Amino acid sequence: MYVIGGTASTALGERISRQLGNAPFGIPFLKRFPDGEMYLRIGGRLEGEDVVVVQSTRSDEDLLELFLLEDAVRQAGARRLIVVIPYFGYARQDRSFFPGEPVSARALCRHVELDADAVVTVDLHSSETLKGFTKPAFEVNGTTALARLLQERPVDVLVSPDRGGVDRVRRMAEKLDKPWIGLEKHRLDSEHVELSLPESRSVRLEGKHVVILDDVITTGVTIVEAARLLRRERVGAIIAACTHGLFLRDAFERIKAVTNEIYTTDTLDSPAEKASVAPDIGQLLRQHLAPA
Ligand code: R5P
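Predicted model, so just to flag it, every value in this text is computed and none were measured.

Draft legend 1. View of the site of the ligand. By nearness alone, every residue bordering the ligand is listed as Asp162, Lys185, Arg187, Asp214, Asp215, Val216, Ile217, Thr218, Thr219, Gly220, Val221 and Thr222. At 2.6 Å from an oxygen atom of the ligand is found a side-chain nitrogen or oxygen belonging to Thr219. Burial of the ligand by the surrounding chains reaches 84%, relative to a free accessible area of 380 Å². Breaking the shell around the ligand down by element, the ones donating at least two residues are β11 (184-189), β13 (209-217) and α6 (221-232). Take the shell around the ligand: its biggest share by element is 4 residues, from β13. Grouping the amino acids of the shell around the ligand by side-chain chemistry returns 3 nonpolar, 4 polar and 5 charged.

Draft legend 2. Fine view of the pattern of salt bridges. For the structure shown, the criterion picks out 19 salt bridges. Between Arg254 and Asp250 there is a salt bridge, with its nearest N and O atoms 3.1 Å apart. One salt-bridge network, in which partners are shared between bridges, spans Arg15, Asp266 and Glu273.

Draft legend 3. Region of interest: the pairing of strand β9 (residues 157-160). Burial along β9 is two-sided: Val157 and Val159 and Leu158 and Ser160, pointing in opposite directions, are all buried. Strand direction decides the pairing type here: β9 and β13, joined by 3 bridges, are parallel. Each residue of the ladder has a partner; that of Leu158, found in β13, is Val211. Where the polypeptide runs from β9 across helix α5 (residues 166-176) and back to strand β10 (residues 180-182), its parallel neighbour, the crossover connection is right-handed.

Draft legend 4. Representation of the packing of helix α2 (residues 60-75) against helix α3 (residues 104-112) within the structure. Look at α2 against α3: their axes get within 11 Å of each other, and the N-to-C directions meet at 25°. On the basis of their axis angle, the class for α2 and α3 is roughly parallel. On α3, the residues that touch Leu63, Leu66, Phe67 and Glu70 of α2 are Leu108, His111 and Val112. For the contact of α2 with α3, the class distribution of residues is 5 nonpolar, 1 polar and 1 charged.

Draft legend 5. Quick peek at the sheet that holds strand β5 (residues 50-54). Sheet architecture is open: 6 strands sit in the order β2-β1-β5-β6-β7-β8, paired in parallel fashion. Each of the sheet's edge strands pairs with one partner strand only, and the pair in question is β2 (25-26) and β8 (137-140). As judged from the 2 bridges shared by strand β1 (residues 2-5) and β2, these two strands associate in the parallel manner. Bridge pairing in β2 places Ile4 opposite Gly26. Across the sheet, helix α8 (residues 278-288) touches β5, β6 (80-85), β7 (118-122) and β8, and the angle it forms with β8 is around 150°.

Draft legend 6. Region of interest: the nonpolar core. Among the nonpolar cores identified, the biggest contains 37 residues, and Ile16, Val120 and Leu285 are the most heavily contacted of them. Among the elements that line this core, the one with the most residues is helix α4 (residues 143-150), at 5 residues. Setting aside residues up to four positions removed in sequence, Ile16 forms contacts with Val54, Val84, Ala278, Ile281 and Leu285. Grouped together as the second largest cluster of nonpolar side chains are 30 residues, Val157, Ile238, Phe247 and Phe252 included.

Draft legend 7. Molecular detail of the pairing of β11. Note: β11 against strand β12 (residues 192-196), 5 bridges, orientation antiparallel. Following the sheet pairing, His186 is matched in β12 by Glu194. Connecting β11 to the next strand, β12, in antiparallel fashion are 2 residues.

Draft legend 8. A look at the environment of Ala251. Structurally, the position occupied by Ala251 is in helix α7 (residues 251-258). Exposure remark for Ala251: the relative accessible area of 0% places this residue in the buried category. Apart from the residues lying within four places of it in its own chain, the contact partners of Ala251 are Thr218, Thr219 and Gly220.

The rules behind the values
- Residues numbered from 1 in each chain as written.
- Predicted model: local features only at pLDDT ≥ 70, side-chain atom pairs only at ≥ 80, totals over all residues.
- Heavy atoms only, no water.
- Near = heavy atom within 4 Å.
- Polar contact = N/O pair within 3.5 Å; in protein donor to acceptor, adjacent residues only side chain to side chain.
- Areas by Shrake-Rupley, 256 points an atom, 1.4 Å probe, with all protein chains shown as cover.
- Helix = DSSP H or I, 4+ residues; strand = E, 2+ residues; numbered from the N terminus.
- Nonpolar A, V, L, I, M, F, W, Y, C, P; charged D, E, K, R; others polar.
- Salt bridge = Lys/Arg side-chain N within 4 Å of Asp/Glu carboxyl O.
- Buried < 20%, exposed > 50% of the residue type's maximum accessible area, 1.4 Å probe, protein only.
- Pairing = 2+ DSSP bridges.
- Right-handed = clockwise from strand over helix to strand, strands pointing away.
- Axes fitted to C-alpha atoms, helices over the stretch in contact; angles between N-to-C directions.
- Parallel < 35°, antiparallel > 145°, perpendicular 65-115°, else oblique.
- Contact = heavy atoms within 4.5 Å.
- Core = buried A, V, L, I, M, F, W, Y, C linked by side-chain atoms within 4.5 Å.

This is how it looks when you write it as structure tokens:
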């Protein structure tokens, strides 16, 4: 296999190549035309190769780079192209909420798979999005990487900041053999939420080391409000942990001010990147997508 790491996932791409027995690894050469259009070129001979392109799609530019990379790999004569999208952007719009809207996640699935033979991603907003692919598509569980890290830390209680995250937190709690609670979240708008403790709970919080686990941190408001609520319960220490650390604007600083530690995986470059999903993606590639 040959691995290419796009601009949004260079370090993770290299880590994945190491997981594949030090598979040859390359990065594209990128520049801009005078009118701002993107130009890229990949090196190396790819005739008959199985190629893995790794590129998170946090921005529209990342997405465009991915499409150009896919075309370049095909043009270079690759036998098979596996696209790894560690953070799959546009996944939140996974249905049409109002007339006239696209199902953006499905639209991206269609375009990504035009040149791909298989797709791998990590912790989608909803796993239902996988159904938008007609080619083999796999979702890696990002909490496995976080669990490896949390196993080595003092952790007493796992906390889900909302109902949507309860399954994730329950699975993590089982892995760590710790109790968990789920908070109630009422979203007022994209930057304001109200959180409350569940009405009945048997889990003690006072003095405990708690982990607030989420799939993604965007504006940070969910984690900040959850941490404030837990502080009022006089917890001992708070770790904020998530798979995808987007950290818009000053989100990282605001979370840092109310927690003791912040952990993310490396699906996105982030100042809190402490756990790698590379072993899990490598394992999936070896198990399900190894060269025939
Ligand atoms: C919600 O469904 C997600 O699991 C996250 O809780 C949410 O997207 C986090 O966003 P923010 O950091 O803006 O509160």
